[in-house]
Amino acid sequence: MSSYLTRRLLLILPTLLIISIIVFLSQRLIPGSVIDMIATEYMGSKIDRNEIEDELGLNLPIQVQYIKWLGNIVIHGDLGNSLRRNVTVNEQLKSKIPVTLELVILGTLINLLIALPIGVYSAVRQNSWGDYVGRSIAILSIAVPSFWIALIVVTYPAIWWGWSPPMQYIPFTENLAANLSQFLIPSFIMGMSLAGITMRMTRTMMLEVLRLDYIRTAWSKGLTERMVVMRHALRNALIPVVTLVGVLVPGMIGGAVIIEQIFVLPGLGRLAFESLNNRDYTTVSGINLFIAMIVLLTNLAVDLTYAFLDPRIKYK
Amino acid sequence: MKKKFIWLALSCLMVTTMVLTSCAKQTTTTSTTTPQTTVTQTPATQTTATQTTDESTPQPQYGGTLKLPLPSFPTHFDPYQGAAANLTIQSLWAENMVQGNWAADRSSNPDLFKIRDVSKDNAKGALAESWETPDLSTLILHIRHGVYFQNKSPMTTAREMTAKDVEYTLHRLLGLGSGFTEASPATGGLPLTLVTSVTATDQWTVTVKYKPSALLVTYLANSSCDAVIPREAVEATGGPDDWRNAVGTGPFTLTDYVSDSSMTFVKNQNYWAYDEMYPNNKLPYVDGVTILLIPDKTTMLAAIRTKKIDETSLGETMPLSYADAQSVVKTNPELVLFSRPTTAGGLLMPVQQKPFDDIRVRMALQMALDVPTINKTYYSGQAAEYPSPLVSDAMTDFAVPFDQWPKELQDEYTYNPDGARKLLAEAGYPNGFNTTIDTSSEFDTDLAQIMKGYFKDIGVTVDVNVSDAATYSANMWSYQFKGLFWAYWMGLDVDPIQCFNFYRGGIPWNLGQVNDPTFNDYCDQLETIVDETEFFNLSKEMNLYGIGQHWVVTLNSTRTFGFKQPWIGGFNGEKYLGNMRLGAIIARTWIDPNLK
């Protein structure tokens, strides 16, 4: 197992390298450079573009810029300075990551808390009223965009009941209750939007597993329904579900942009959006690299979970 | 079994706790407010900002914390860096030499201080207590005594501001001394570039030498980058761009900054100013200000409805349309509505390039638009009846209202599709031509579609390209557009030179790349005139000339709207007490606890 883990961790490096090249180059292809954005702030005043390029290190050939940037990351762990704010990219990420991580973790937990029980119930009580209701809820959650729900949740309670979600971020280390009160609703919306897919996958896999011979054997032995479903069927059915959750997590980080915007959460998604709008290349690169690393590590964690779920799987 | 019950019970308890916590009422006060009898809730009614001190008028109260929204936070804290987003907030802790006189008579102009109109007549000293102009190229500023920098790091003591601090600030800003040789890029194109030297002649006097100008004091009242910050802040670790070093003489001290979330200010107990309308009242009234980052308009509307913020549309930010305002008035009649004039939007075009180089084509495009009908239908009657190109009608010193234009010129701005087609035919486009309208997602893209429809009637086929704000700005400032493109900020400046610079050859803001020798000569001449009457007379003449050249296809000037809570006093939608002096307005705003 440890050699497998080491191999996988080493394989992350070339993947990250390729991603870094793509991210570094692609944003420079977007119309409008960071110099143009700075010029906009000064209403087109005769700024010395060459001087600003020099100051920001953008006058160097692109490959030199890339090597310098990559070298700083590898040697010093330094993602560089923001091109638009007086702050380093590391500092920005340090303050934003906990917000988005909290949102994603809570969202994932809520996703699983809703999807797994409903999915299992739907499968076990196939074609019952409960199954139909569960499937309808799943379809609804897939069909209705999360940003729409977010806007509805912000708008209508304000009109009908004079209530709106909290709008000032308080870290959980300062006040857990206040922090949770701000995060619960956006996390629920995010989790709910993915619960439909997770529920349907759970239901499908459970139905497949419940038809297998060893389950029939378990029934024949006189085991209770709970034992058959929870002990014997669910673990095998969960393998693709775990894969799915692993795939959904990066999507949640990206999808957090709109949720963070609407619920006023100072997270990574909003920072990425604003940095892209401001053509803050270093910040965007740093964020993308971080998200890529999260995706790769999440996939690794998912793969390792298989060994736990299915004892037949052994990593060498 | 027992284990399972315990597990289940714990899970339920956890979930219940989380749900109850999230649904808990917030500690901000909700109130059954007594509606103030201030204004009617019909957006068409302008609020009058007349302040009286009789018993029927609410009196200022001390205390409370204002909560205000902003869609984006400043990227810098150093006035040297300029830029609107930064300067709006900076005015809370740092101040300028001259600002608007809050007590100026507003009976003839209810929109006073809602646009950039601090002219010499309604300016008063801020950090400069008074001034003299012994000649039209010299300004002597008498620095106010008893003004102290805030007691905040990097200041070791809250020392008194002197002429040396003013000299240092202007030297740094303009590259005129104290070790500074390069001017801030934020000053480019602004009147501060007329300054040739700044000298502190004694502890309380600063002599500023300018190139001769008729609007010397007006420039100072409306400058934005010259907020005085101490040398200690510039030389501190991290520099003045670190929020921890943001120190000035302003009414509030920045005490906390949560990146992209909130900024907290507390009252500067040592602040020097008194309310001009209530001369015995020391400012500021409120104990503190919390600025919340609310980038989304829906969220901002929810916040004002649920009393999480005290006013909307802070400064330049997130103005509400008439439709937005109507929806809020219906659901929350207790909120107090205010409105502000805004500049006309319009389409610029590269006038050096075909087909726009022909004035007949430009005229035809204008005649294709039925501006009064757009006002009645699209703006529900809230906009001006007629277009106001070049200079907004609110600039009363040098704007020329439509009804005072020569008849011939009025006809060129009156809806006449047949006349437009005839002009196009004369210009060599009997079948019209194809072009584009470039606009940004942050502008009103529906208007572009409306104009597309009108242009189609005269044979001009238009593709509307909508790009994101960043791409649009980048393309605009690098003159990439080959067709028509949207612009909206023109003509709303108290200085005619700033308005006309949009059409003056060689100026970066001249996005339409106009290069009219007659107009350029006018601009050069205007800069040399030192007599104020003559200055504004020539400005009017230039205005009419420019209108006749049709460099911009113009729509109506409109109004934008905002709301405040009924307990907010002293504020009626003002946003300029001089350029970007929001802090001064907030200092004169109070909270009535009886209404909260």
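(A) The arrangement of unusual backbone geometry in detail. Residue and element names in this part refer to chain B. Omega for the peptide link from L283 to P284 comes to -5 degrees, which places this bond in the cis form. Position of P284 among the secondary structure elements: in the loop between β9 (262-267) and β10 (288-293). Going from K354 to P355, the amide bond is cis rather than trans, its omega being -5 degrees. The residue P355 is located in the loop between β12 (346-348) and α8 (359-367) in this model. Residues other than glycine seldom take positive phi values, yet K307 does so here, at roughly 65 degrees. Tracing the backbone shows K307 in the loop between α6 (297-305) and α7 (322-331). One non-glycine residue, S380, lies in the positive phi region at around 50 degrees. Mapped onto the fold, S380 is located in the loop between α9 (371-377) and α10 (407-412).

(B) The arrangement of a negative patch on the surface in detail. Negative charge collects at one region of the surface, where D48, E51, D54 and E55 of chain A together with E182 of chain B lie side by side. Its location among the elements puts D54 of chain A in helix α3 (residues 49-56). Residue classification places D54 of chain A among the partly exposed positions, given a relative accessible area of 49%.

(C) Here's a closer look at the pattern of salt bridges. Summed over the entire model, instances satisfying the criterion amount to 28 salt bridges over all chains. For D303 of chain A, the salt bridge identified is with R8 of chain A, shortest N-O distance 2.4 Å. Of this pair, D303 of chain A sits in helix α12 (residues 281-309) while R8 of chain A sits in helix α1 (residues 2-26), and the two are 295 residues apart along the sequence. Close ionic contact of E129 of chain B with R144 of chain B constitutes a salt bridge, the shortest N to O distance being 3.9 Å. Of the two residues, E129 of chain B is situated in strand β4 (residues 128-135) and R144 of chain B in the loop between β5 (138-143) and α3 (163-174); the sequence distance between them amounts to 15 residues.

(D) Representation of the packing of aromatic side chains. Applying the stated criterion to the full structure yields 41 aromatic pairs over all chains. Between F443 of chain B and Y472 of chain B, the aromatic rings sit 5.5 Å apart at their centres with planes inclined by 90 degrees, giving edge-to-face as the arrangement. Here Y472 of chain B lies in helix α13 (residues 469-477) and F443 of chain B lies in the loop between β13 (433-440) and α12 (445-457), a separation of 29 residues in the sequence. What makes F443 of chain B buried here is its relative accessible area of 13%. What makes Y472 of chain B buried here is its relative accessible area of 1%. By the ring-pair criterion, three or more aromatic residues cluster together here, those being F398, F500, F502, Y503, W509, F519, Y522, F535, F536, Y545 and W551 of chain B. Across the ring face of F24 of chain A, the terminal group of R28 of chain A is positioned such that the distance to the ring centre comes to 3.8 Å. One residue, R106 of chain B, lies across the ring of W102 of chain B, its end atom 4.5 Å from the ring centre.

(E) Summary view of the sheet that holds strand β7 (residues 205-210) of chain B. Residue and element names in this part refer to chain B. An order of β4-β5-β7-β6 is seen for the four strands of this open sheet, with the pairing classed as antiparallel. The sheet terminates laterally at β4 and β6 (195-202), the two strands that pair on one side only. Strand-to-strand twist across the sheet, computed as the mean angle between neighbouring axes with direction ignored, equals 20 degrees. When β4 meets β5, the two strands line up antiparallel, connected through five bridges. If you follow S130 over to β5, its bridge partner there is H142. Packed onto the sheet, α3 meets β5, β6 and β7 and runs at close to 160 degrees relative to β6.

Rules behind the numbers
- For every chain, the first residue of the written sequence is number 1, and numbering continues from 1 onward in sequence order.
- Written order determines the labels here, with chains lettered from A and ligands numbered from 1.
- Only residues with pLDDT of at least 70 are given local features in this predicted model, and only at 80 or more are side-chain atom pairs given and counted; all residues enter the totals for whole chains, interfaces and linings.
- Think of the side-chain values as coming from all heavy atoms in the structure, minus any hydrogens and water.
- What counts as a helix is a DSSP run of H or I of at least four residues, what counts as a strand is a run of E of at least two, and both are numbered from the N terminus.
- The residues that make up patches have over 30% relative accessible area and no salt bridge, and they are joined within 9 Å when like-charged or within 5 Å when they are Val, Leu, Ile, Met, Phe, Trp or Tyr.
- Residue burial considers only the protein chains on display, and all accessible areas are found by Shrake-Rupley using a 1.4 Å probe.
- Salt bridge criterion: a side-chain nitrogen from Lys or Arg within 4 Å of a carboxyl oxygen from Asp or Glu.
- Asp and Glu count as negative and Lys and Arg as positive, but His and the ends of the chain are not part of the count.
- Charged side chains are reduced to one point each, which is NZ for Lys, CZ for Arg, CG for Asp and CD for Glu.
- Each residue is placed in one exposure class: buried if its accessible area under a 1.4 Å probe, protein chains only, is under 20% of its type's maximum, exposed if it is over 50%, and partly exposed if it falls in between.
- Stacked, tilted and edge-to-face pairs are distinguished by plane angle, under 30 degrees for stacked and over 60 for edge-to-face with tilted covering the rest, among Phe, Tyr and Trp rings (Trp via its six-membered ring) whose centres lie within 6.5 Å.
- We call a charge positioned over a ring when the NZ of a Lys or the CZ of an Arg lies within 6 Å of the ring centre and within 35 degrees of the ring normal.
- Here, strands pair whenever DSSP counts at least two bridges between them.
- Angular values range over 0 to 180 degrees, each being the angle between N-to-C directions of two axes fitted as lines to C-alpha atoms, with helices fitted over their stretch in contact.
- In this analysis, two residues are considered to be in contact whenever any of their non-hydrogen atoms come within 4.5 Å of each other.

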